[in-house]
Amino acid sequence: MSDLSYFLGIDVGTGSTRAALVAQNGQILAVSVEEIKTFTSSEGHLEQSSSNIFEGIVKNVREVLKKCPDSGKVRGIGVCATCSLVAIDKNGEPVSVSLSGRQDQNIILWMDHRAKVEADIINGKKHEILKFVGGQVSLEMEVPKLMWLKRNLRENFEKVAHFFDLPDFITWKLTGGSPERSVCSLVCKWNYDAINGKWCDDFLRDLDLGEIASDNFERLGNKVQSPGEAIKAGLSPEIAKIFGLRPGIAVASSMIDAHCGALGVLGCQLEGLPSTSSLTSKLAIIAGTSSCHMSITREPLYVDGIWGPYYNAMFPKTFLNEAGQSTSGHLLDFVIESHPAYSTLKNNFLTKVEIVRHLNALIQQMTKDGEIFHEITKNYHVYPDFHGNRSPFANPDLKGMICGLTLENDERNLAKLYLATMQALAYGTKLIIDQLYDAGREKFAAVLMCGGLSKNEIFVQTHADVLEMPIGLPETTEAVLLGGAILGACAAQLYPTLEDATNAMSGNAKTIHSNHKSFDFHRKKYKVFRKMVQDQLEYKRIMDGN
């Protein structure tokens, strides 16, 4: 092990900062986690602090380096984070994005929905650039949030010298203010034209954001790199001293966290399935608080309601399509915690993990001999868009639905509702896949799944059964952090390309096969799922008087 090089993967999620020390063979040697603060306003705005986040990163890196045999052999750092908007002034200090005026609240969290009106304005323009986001921007993206800031906090908006996506803010800090931005964030969340390598001047001017265009786009970033490219400045002497590392080691151009998770797993080979050797043959699902669905093609694929094709967003000279569910893990938590039986479970079990294990065991106990466990939800149907739909309808106004409620309020009833919600999330994934196929995409050979929900065996098996294809569970339990290390290894030129790095470091995946006995059941429930959303739209039409 002492002859190996080492890399740091840094990840900022919705609720924590994390870092991992990773050997060049992909083995994760140490992981550190620090909680970060989220500020929720009375208006429902969700904000964070860049200072709080970077303090967490410093603690993480120092902690994992305690496990490093030789810190002098740490050769590179890769960063990923949520696609949250960061505001910084000309002196490198935070600028408030909050109606409260607190300067440390200088990040609009990715899942903040304050910019609905602005997103509607943008979509009404029907600019050609929107073809790269399935025809319309999401209110979770950054340009609607820029518009909101100018319309609601104009003085603060004018103070901002740098608008960052959070991953790029972190590399900016690590390199002492080096201006490079990652095309991953810019093309996926900022409506950057990656195919032509430019910002759309007319698009921004038409949205009354002309001052951003007039400064040669310095506030958004006009030096753009592909993920894994080395940022020229490397690790700054100041940050190197704080971390306890050599100054100048490679810092890679960053990625969004979900994309980094896909990077960490797409190179996996599924056991016994040689058809999964190609990057384009697999769908990656990063299933955590929300779920992201990532797939790579060699030619552009335009799909209504699904983001992309994003050129160079992951691997050079490839196109990424990205779909997602705004809530998945968060939805399951809500379903469990809002049920009357939760108070009893909370008294009987110490952790959320134990409660989930208990519910999974209860599902198996409730299954009659000769039946599949899914059948306990035969008359229980859930539509899961409690927080709106990201894909493939791109409709933030859609709501959740439950059919089959009774007066039962015990643990067995909760187990049914919990399972029906997992099934609904799987049907949502199937709907996304069907939309990709309808647009002409080649069929997937398998799905690779990572994130917190990939550790839930019922969730994984449900997806295998609904999708009627094998699910691969990577050997690594920390795909996002591994993806960060892969970026660092590429930047350090340990591997010639990012594709070579992910193939070398991702490892293998355990194969979970689908149960063909469940196919007919799920095909019927999928028809109900499709009808539920149409019924909801019909209810809205009736109530709106149309």
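Rules of the game
Residues numbered from 1 in each chain as written. Predicted model: local features only at pLDDT ≥ 70, side-chain atom pairs only at ≥ 80, totals over all residues. Heavy atoms only, no water. Helix = DSSP H or I, 4+ residues; strand = E, 2+ residues; numbered from the N terminus. Rg over C-alpha atoms; globule rule 2.2 N^0.38 Å. Buried < 20%, exposed > 50% of the residue type's maximum accessible area, 1.4 Å probe, protein only. Areas by Shrake-Rupley, 256 points an atom, 1.4 Å probe, with all protein chains shown as cover. Lys, Arg positive; Asp, Glu negative; His and termini not counted. Charge placed at Lys NZ, Arg CZ, Asp CG, Glu CD. Pairing = 2+ DSSP bridges. Expected span 1.5 Å × (residues − 1). Polar contact = N/O pair within 3.5 Å; in protein donor to acceptor, adjacent residues only side chain to side chain. Contact = heavy atoms within 4.5 Å. Phe/Tyr/Trp six-rings, centres within 6.5 Å; stacked < 30°, edge-to-face > 60°. Lys NZ or Arg CZ within 6 Å of the ring centre and 35° of its normal. 1 Å grid on protein atoms, 1.4 Å probe; cavity = no way out; pocket = protein on both sides within 12 Å on 5 of 7 lines; lining within 4 Å. Points joined across faces, edges and corners; volume = space filled by probe spheres on them. Nonpolar A, V, L, I, M, F, W, Y, C, P; charged D, E, K, R; others polar. Core = buried A, V, L, I, M, F, W, Y, C linked by side-chain atoms within 4.5 Å.

Caption draft 1: Structural view of the overall build of the chain. A count of helical and extended segments in the chain gives 18 helices and 23 strands. Radius of gyration (C-alpha) of the chain: 23 Å, near the 24 Å computed for a compact globule of 546 residues. When the backbone C-alpha atoms are referred to their principal axes, the chain occupies close to 65 × 65 × 50 Å. A total of 546 residues make up the chain; the buried ones form 61% of that total. Summed over all atoms, the accessible surface of the chain reaches about 21,600 Å², with 48% contributed by carbon and sulfur. Measuring between centres, the 56 positive side-chain charges of the chain sit 1 Å from its 63 negative side-chain charges.

Caption draft 2: Seen up close, the pairing of strand 1 (residues 6-12). Counted residue by residue, strand 1 has seven buried out of seven residues, so it is predominantly covered. In strand 1, alternate side chains face the same way, and those of Y6, L8, I10 and V12 on one face and F7, G9 and D11 on the other are all buried. In terms of strand pairing, strand 1 meets strand 6 (residues 74-81) through seven bridges, oriented parallel. Bridge pairing links I10 to V79 in strand 6. Looking at chain direction, strand 1 and strand 2 (residues 16-23) are connected through seven bridges and run antiparallel. Among the inter-strand pairings, G9 is bridged to a residue of strand 2, identified as A20. Connecting strand 1 to the antiparallel partner strand 2 that follows it, the hairpin turn spans three residues.

Caption draft 3: The arrangement of helix 18 (residues 519-543) in detail. Spanning 25 residues, helix 18 covers 36 Å between terminal C-alpha atoms, matching the ideal 36 Å at 1.5 Å per step. Every buried residue of helix 18 is listed here: F519, F521, H522, K525, Y526, F529, M532, V533 and Q536. Just downstream of helix 18 lies G545, where phi reads positive at about 75°.

Caption draft 4: Focus on the sheet that holds strand 8 (residues 107-108). Here we have five strands laid out as an open sheet, ordered 4-5-8-7-9, and antiparallel in their pairing. In the strand order of this sheet, the two ends are held by strand 4 (39-40) and strand 9 (162-165), each with one partner.

Caption draft 5: Representation of the side chain of S138. Secondary-structure assignment places S138 in the loop between helix 2 (116-125) and helix 3 (142-152). Within the structure, S138 has its side chain in polar contact with the backbone nitrogen of E140 (distance 3.0 Å). If we skip the residues at most four places from it in the chain, S138 touches A119, P144 and W307.

Caption draft 6: Quick peek at the packing of aromatic side chains. By the definition in use, this model includes 14 aromatic pairs. Judged by centre distance (5.5 Å) and plane angle (35°), the ring pair of F157 and F163 falls under tilted. Aromatic pair Y437 and F444: ring centres 6.0 Å apart, planes at 40°, arrangement tilted. In this structure, R114 packs its charged tip against the face of W148, placed 4.5 Å from the ring centre. In this structure, K443 packs its charged tip against the face of Y437, placed 5.0 Å from the ring centre.

Caption draft 7: Broad picture of the environment of L149. Topologically, L149 is positioned in helix 3. Under the relative-accessibility criterion, L149 is labelled buried at 3%. Sequence-distant contacts of L149, defined by excluding residues within four places in its chain, comprise L85, V97, I108, R154, F157 and F163.

Caption draft 8: How the structure looks around the layout of surface pockets. Looking at the second largest pocket, its volume works out to about 280 Å³. What lines the second largest pocket is a set of 20 residues, and nearest its centre among them are V137, L139, A394, N395 and P396. Examining the composition of the lining of the second largest pocket, we find that four residues originate from one element, helix 2, more than from any other. The residue inventory of the lining of the second largest pocket, partitioned by class, reads six nonpolar, nine polar and five charged.

Caption draft 9: View of the nonpolar core. Counting 95 residues, the largest nonpolar core has L149, F163, F203, L209, I212 and Y310 as the members making the most contacts within it. Residues I285, L359, F373 and V382 belong to the second largest nonpolar core, which totals 61 residues.

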